[in-house]
Amino acid sequence: GFSYGDHTGSGNAMAHKIKNNLFENIINFIEKDKLVIGVCNGCQILVNLGIVPAIEGYKREIALVENDIATYQCRWVKLKVLNNKSPWLKKINHLDLPIAHQEGKFIAEKKIINTLIKKKLILCKYIKNNGQSANKQFPYNPNGSIEDIAAITNVKGNVLAMMPHPERAFYKIQKPDWI
């Protein structure tokens, strides 16, 4: 859930609390190849901590900012899995998942985006219903993320940060067409 509210920026207050109290422990855990996942507000926290993508050490290299449409978005989206080498999404090619955020737009300098692409750190992208690229087109890309990014990983692949909510699509009755 949302930690400490979003009035200081999504995930920002919790990221600072972790940075000052638990950061070293979390980094030690990650460096032992343990799995870490951050969904929505957890994704924002991992990004703010610099745990993902962690291309040049643990410093913030990307940001999550307010959606282009400037409103809270709560609905289902389609995702294409680009990198199924990560233990999180092995043998998965596509996902239909709900989103629920107002600050979910991935942005970064062009150099960082190029590195994400080159190192295959973009795990999932938003796509249209027909499977084609969303090309930042609303509503398929619900926030205007660069490269239609919905989820990223660190270089090792053991940390997953994603804005869509897989935990809200676990049971058939959670899906919009369950009846």
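Below you will find a few notes about this structure. (Residues numbered from 1 in each chain as written. Predicted model: local features only at pLDDT ≥ 70, side-chain atom pairs only at ≥ 80, totals over all residues. Heavy atoms only, no water.)

Our next topic: the overall build of the chain. When you go through the chain residue by residue, the secondary structure sums to 4 helices and 8 strands. The order of helices and strands in the chain, counted from the N terminus, is α-α-β-α-β-β-β-β-α-β-β-β. Relative to its length of 179 residues, the chain is compact, with a C-alpha radius of gyration of 15 Å against a globular reference of 16 Å. Summarising its shape, the C-alpha atoms of the chain cover approximately 45 × 35 × 35 Å along the three principal directions. Here the chain holds 179 residues, and the buried ones make up 45% of them. Long-range pairs, those at least 24 residues apart, make up 71% of the contacts in the chain between residues at least 6 apart in sequence. (Helix = DSSP H or I, 4+ residues; strand = E, 2+ residues; numbered from the N terminus. Rg over C-alpha atoms; globule rule 2.2 N^0.38 Å. Buried < 20%, exposed > 50% of the residue type's maximum accessible area, 1.4 Å probe, protein only. Contact = heavy atoms within 4.5 Å.)

Bringing the sheet that holds strand S7 (residues 149–153) into the picture now. Taken in spatial order, the 6 strands of this open sheet run S1-S8-S7-S6-S3-S4, and their pairing is mixed. Two strands lie at the open edges of the sheet, namely strand S1 (36–39) and strand S4 (94–101), each paired on one side alone. In this sheet, neighbouring strand axes are inclined to one another by 25 degrees on average, regardless of whether the strands run parallel or antiparallel. Relative to S7, strand S6 (residues 122–127) is paired through 3 bridges, and the arrangement is antiparallel. Bridged to Ile122 within S7 is Ile152. (Pairing = 2+ DSSP bridges. Axes fitted to C-alpha atoms, helices over the stretch in contact; angles between N-to-C directions.)

This brings us to the pattern of salt bridges. Working definition: two side chains of opposite charge can pair if their charged atoms are close together. This structure, assessed with the given rule, holds 6 salt bridges. Residue Lys78 is joined to Asp96 by a salt bridge in which the shortest nitrogen-to-oxygen separation is 2.8 Å. Taken as a pair, Lys78 in strand S3 (residues 73–81) and Asp96 in strand S4 lie far apart in primary sequence, 18 residues in all. Between Lys125 and Glu147 there is a salt bridge whose closest N-O contact spans 3.1 Å. (Salt bridge = Lys/Arg side-chain N within 4 Å of Asp/Glu carboxyl O.)

With that settled, consider unusual backbone geometry. Looking along the chain, the bond that leaves Val52 and enters Pro53 is cis, with omega of -5 degrees. Mapping Pro53 onto the fold places it in the loop between helix H3 (41–49) and strand S2 (62–65). Each neighbour pair has its own omega, and for Phe138 with Pro139 the value is 10 degrees, a cis peptide bond. Looking at where Pro139 falls in the secondary structure, it is placed in the loop between S6 and S7. The phi dihedral of Cys40 is positive, around 55 degrees, even though this residue is not glycine. Relative to the helices and strands, Cys40 resides in the loop between S1 and H3. Phi is positive for Ala70, which is not a glycine, with a value near 60 degrees. Mapped onto the secondary structure, Ala70 falls in the loop between S2 and S3.

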